[in-house]
Amino acid sequence: MRYYFAMKLFLDTANTDYVAEIAAWGVLDGVTTNPSLVAKEGTLRGVSRQADFKKVVLEMCKHVPCVSAQVTSTDFAGMKKEGEEYASWHKHIVVKVPMTTEGLKALSYFRSKGIKTNTTLVFSVPQAILAAKAGANIISPFVGRLDDAGEDGMKLIKEIMEAWSHYGFDCEVLVASTRHPGHIVDAARYGAHICTIPYDLFKKLPVHPLTDAGIKRFLDDWEKVKK
Ligand code: E4P
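Structure report, in brief. What you see is a predicted model; the values in this text were computed from it and never measured.

### Things to note about the overall build of the protein chain
Turning to step 1, where the next piece is worked out: Within the protein chain one finds 11 helices and eight strands.
Turning to step 2, where the next piece is worked out: Along the longest, intermediate and shortest principal axes, the C-alpha atoms of the protein chain span 75 × 45 × 35 Å.
Turning to step 3, where the next piece is worked out: Every one of the 227 residues in the protein chain was classed for burial, and the buried ones make up 46%.
Turning to step 4, where the next piece is worked out: Taking contacts inside the protein chain between residues at least 6 apart in sequence as the whole, the part at least 24 apart equals 57%.

Right, dumping it as structure tokens:
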């Protein structure tokens with residue numbers, strides 16, 4: 001790591017080519033997947049859905065130290081079984097658990113076993129506090145979906161970070177469901193620990209028209225010097 005502390009940047013995707021591409025920039029700290037992203041990539045068409053998902057996740061683990069793999073069970077016993085299976089695949093895997101009372105039981109169980117977790121579908125400060133107290137290593141408030149519903153997603157991040165500043169939660173706040181660069185700017189301003197970003201949005205971040213115009217002018221002027 002080349003810095004003491006900065007907001008971590010994750011890629012929100014189930015596409016392994018995208019992970020390899022962005023990881024090559026030297027700025028990628030992790031990946032978040034979810035069942036919808038996996039379905040979008042159409043990666044589970046083989047004979048064994050579990051084997052295909054495992055292949056995708058293990059490929060990502062070659063590039064980044066943190067890959068969230070989401071359980072699809074809704075009861076504690078099922079989450080425990082799935083989560084233990086995922087965690088056995090690779091030490092970089094973080095088990096993603098939904099924010100439900102069954103999920104809270106699973107978070108507590110996984111913490112006692114040293115299995116890392118990310119709580120998904122967090123939409124309120126009380127949910128954030130419960131997940132952190134149950135033992136989540138990461139919580140994922142969904143800012144874009146709150147915006148879509150007519151609420152202010154980044155207000156939730158501000159409130160969670162304010163609450164976190166009073167306590168010693170061993171739980172990182174991951175800004176999820178980002179839709180535009182403003183979400184990333186505000187996540188950093190509020191001191192969020194992690195931001196997960198879809199591929200198309202990630203590709204916009206290094207670009208500025210004045211950078212392109214500046215490079216063109218430098219190169220044009222250099223040509224004049226050479227003549
Ligand atoms: C990340 O962990 C979430 O699954 C993701 O950011 C959800 O984003 P969406 O609201 O665009 O589906």
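And the narrative resumes.
### Structural notes on the packing of helix α6 (residues 125-134) against helix α8 (residues 153-164)
Turning to step 1, where the next piece is worked out: The contact between α6 and α8 brings their axes to 10 Å, and the two run at 45 degrees. Here α6 is positioned oblique relative to α8, judged by the angle of their axes. In terms of crossing hand, the pair formed by α6 and α8 is right-handed. Residues V125, A128, I129 and A132 of α6 pack against L156, E159, I160 and W164 of α8.
Turning to step 2, where the next piece is worked out: Its residues assigned to classes, the contact of α6 with α8 shows seven nonpolar, no polar and one charged.

### Here we look at the sheet that holds strand β1 (residues 8-12)
Turning to step 1, where the next piece is worked out: Here we have eight strands rolled up into a closed barrel, ordered β1-β2-β3-β4-β5-β6-β7-β8, and parallel in their pairing. For this sheet, the mean angle separating the axes of adjacent strands, direction not counted, is 30 degrees.
Turning to step 2, where the next piece is worked out: In the packing of helix α4 (residues 76-89) onto the sheet, contacts are made with β3 (67-70) and β4 (93-98), and the angle to β4 comes to roughly 160 degrees.
Turning to step 3, where the next piece is worked out: Running at roughly 165 degrees to strand β5 (residues 117-122), α6 makes contact with β5 and β6 (138-141) of the sheet.

Calculation rules
Residues numbered from 1 in each chain as written. Predicted model: local features only at pLDDT ≥ 70, side-chain atom pairs only at ≥ 80, totals over all residues. Heavy atoms only, no water. Helix = DSSP H or I, 4+ residues; strand = E, 2+ residues; numbered from the N terminus. Buried < 20%, exposed > 50% of the residue type's maximum accessible area, 1.4 Å probe, protein only. Contact = heavy atoms within 4.5 Å. Axes fitted to C-alpha atoms, helices over the stretch in contact; angles between N-to-C directions. Parallel < 35°, antiparallel > 145°, perpendicular 65-115°, else oblique. Left-handed = near helix turned anticlockwise from the far one by under 90°. Nonpolar A, V, L, I, M, F, W, Y, C, P; charged D, E, K, R; others polar. Pairing = 2+ DSSP bridges.

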